[in-house]
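# Examination of the molecular architecture
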Amino acid sequence: MNRTRATLRAAVSGALVSAILLLAGGPAAAHVTISASTTAAGATALVRLEVPHGCAGSATTELAVRMPAGVSELTASSTDRWVAEAAGESITFRTDDPLPDALRDEVAFSVRLPDEPGAELVFPIVQRCEEGESAWTEVAEDAASREQLDMPAPVIVVTGADGSEGSDGSAPTAAAGPGDGRLMAYGAVGVLAAGCLASGAVLVMRRRRA
């Protein structure tokens, strides 16, 4: 094998290794997320809660969700895996068939949203596992600092009935849907891999000219 081929192979291998490492690290860092069928003021929203992993490798046995002030008419249905129990301002999903750390799953409940556009609804969630628990309860002072939290509580911002801006003049914002972060991470991996390959190709061309 000549030097040019060896250099190209090394560049390709480096790009692939970087992509694999980033993909492997993405799901492990994923947050518990919620997504709403609507964020319109006064509407009844179906809220889906996605669990991306367990607690430091331990299987998930329970999800306890506290409702924010202003929502009403809380209802939920059990699934093949999860038994839903609503009580006052909270709802708990329990299972006798623990969700393995490597698997994703979702549960859902419905609430009537407040009538006032612009309201920020925070849903603190405690994820309990066979060993330990993860408290997704951190609340940021503002949207800018929310990205810095390690264990953020999911948030929904109520919009106008027609999807217009809230009363505070801010643009409508819906809760991050399941998988949004993964898509961004995978896109970044693709860009990184392409960049590594391009760098390898430039290196090969320079060696040939030399």
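The structure reproduced in this document is the subject of the present report. (Residues numbered from 1 in each chain as written. Predicted model: local features only at pLDDT ≥ 70, side-chain atom pairs only at ≥ 80, totals over all residues. Heavy atoms only, no water.)

### A short note on the sheet that holds strand β3 (residues 60-66)
What the five strands build is an open sheet, ordered β5-β6-β3-β9-β10; its pairing is antiparallel. Every other strand in the sheet has two partners, leaving β5 (83-87) and β10 (133-136) as the edge strands with one partner each. Taking each pair of neighbouring strands and ignoring which way they run, the sheet shows an average axis angle of 15°. Taken together, the six bridges between β3 and strand β6 (residues 90-99) define a ladder with antiparallel strand orientation. Across the sheet, the residue bridging to A64 is T92, located in β6. (Pairing = 2+ DSSP bridges. Helix = DSSP H or I, 4+ residues; strand = E, 2+ residues; numbered from the N terminus. Axes fitted to C-alpha atoms, helices over the stretch in contact; angles between N-to-C directions.)

### Quick notes on the pattern of salt bridges
Once the charged atoms of two side chains with opposite charge are near each other, the side chains can pair. The full count for this structure, using the stated rule, is nine salt bridges. The partner of R81 in a salt bridge is D97, with the nearest N and O atoms 3.3 Å apart. Linking R81 in the loop between β4 (72-76) and β5 with D97 in strand β6, this pair joins segments that are 16 residues apart in sequence. Connected through shared salt-bridge partners, E62, E85, R94, R128 and E133 make up one network. (Salt bridge = Lys/Arg side-chain N within 4 Å of Asp/Glu carboxyl O.)

### Observations regarding the side chain of E50
Residue placement: E50 occurs in strand β2 (residues 44-51). Of the polar contacts made by the side chain of E50, one reaches the side chain of R104; its length is 3.0 Å. (Polar contact = N/O pair within 3.5 Å; in protein donor to acceptor, adjacent residues only side chain to side chain.)

### Points about unusual backbone geometry
One non-glycine residue, A56, lies in positive phi territory at about 50°. Within the secondary structure layout, A56 lies in the loop between β2 and β3. On the basis of relative accessible area, A56 is assigned to the exposed category, the value being 89%. Positive phi outside glycine occurs at E73, with the angle close to 55°. Within the secondary structure, E73 sits in strand β4. Residue E73 is classed as exposed on the basis of its relative accessible area of 54%. (Buried < 20%, exposed > 50% of the residue type's maximum accessible area, 1.4 Å probe, protein only.)

### Here's the deal with the state of the cysteines
Evaluation of the coordinates by the stated rule reveals one disulfide. With a sulfur-sulfur separation of 2.0 Å, C55 is cross-linked through a disulfide to C129. The disulfide joining C55 to C129 has a torsion of about 65° about its S-S bond and is therefore right-handed. Here the residue C55 occupies a position in the loop between β2 and β3, and C129 occupies one in strand β9 (residues 125-129), the gap between them amounting to 74 residues. Both residues of the pair, C55 and C129, belong to the buried class. (Disulfide = S-S within 2.5 Å.)

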